[in-house]
Amino acid sequence: MDLKETVKLLPQTPGVYMMKDVSGSVLYVGKADNLRKRVSSYFQPSRRHPDRIESLVSQIADISYL
């Protein structure tokens, strides 16, 4: 499943999300009041993100949540 589909399946509820690379190592852990809205914000092409965020996003292979 691609990341866009994964993000669409996230609930619109509070929770913790984990972004992982291809080897399954956790790159980033965050929390949000609305998981889908927060995680999708990383993938908005119209937004200019800092270089560190763009680097993070380029390494994401999977997203899971609690």
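Predicted, not measured: the structure shown is a model, and the values here were computed from it.

Each value, and the rule that gives it
Residues numbered from 1 in each chain as written. Predicted model: local features only at pLDDT ≥ 70, side-chain atom pairs only at ≥ 80, totals over all residues. Heavy atoms only, no water. Core = buried A, V, L, I, M, F, W, Y, C linked by side-chain atoms within 4.5 Å. Buried < 20%, exposed > 50% of the residue type's maximum accessible area, 1.4 Å probe, protein only. Helix = DSSP H or I, 4+ residues; strand = E, 2+ residues; numbered from the N terminus. Contact = heavy atoms within 4.5 Å. pLDDT = per-residue confidence, 0-100. Pairing = 2+ DSSP bridges. Axes fitted to C-alpha atoms, helices over the stretch in contact; angles between N-to-C directions.

### Here's the deal with the nonpolar core
If you look at soluble globular proteins, the nonpolar side chains tend to sit buried side by side. Tyr17, Met19, Val39, Tyr42, Val57, Ile60 and Ile63 are the most contacted members of the largest nonpolar core, which has 14 residues in total. Sorting the residues of this core by element identifies helix H1 (3-9), strand E1 (15-20), helix H2 (35-41) and helix H3 (51-59) as the ones contributing at least two each. Ranked by residues supplied to this core, first place goes to H3 with 3 residues. Discounting chain neighbours no more than four positions away, the residues touching Met19 are Ser25, Val26, Leu27, Tyr28, Val39, Tyr42, Leu56, Ile60, Asp62 and Ile63.

### A look at the confidence of the model for the chain
Model confidence for the chain is summarised by a mean pLDDT of 93, while 100% of its residues fall at 70 or above. When pLDDT is averaged over each helix and strand of the chain, the minimum, 92, is found for H3 and the maximum, 98, for E1.

### Some remarks on the pairing of strand E2 (residues 26-32)
Taken together, the 6 bridges between E1 and E2 define a ladder with antiparallel strand orientation. For Val16, the partnering residue across the bridge sits in E2 and is Lys31. The hairpin formed by E1 and E2 contains 5 residues between the paired strands, and Gly24 there has a positive phi angle of roughly 90°.

### A word on the sheet that holds E1
Two modes of strand pairing occur in sheets, parallel and antiparallel, and in both the strands are linked by backbone hydrogen bonds. Pairing within the open sheet is antiparallel, and its 3 strands lie in the order E2-E1-E3. Here the strands that pair on one side only, and so sit at the sheet edges, are E2 and strand E3 (62-65). Direction aside, neighbouring strands of the sheet carry axes that sit 20° apart on average. Where E1 meets E3, 4 bridges bridge the pair, whose relative direction is antiparallel. Among the inter-strand pairings, Met18 is bridged to a residue of E3, identified as Ser64.

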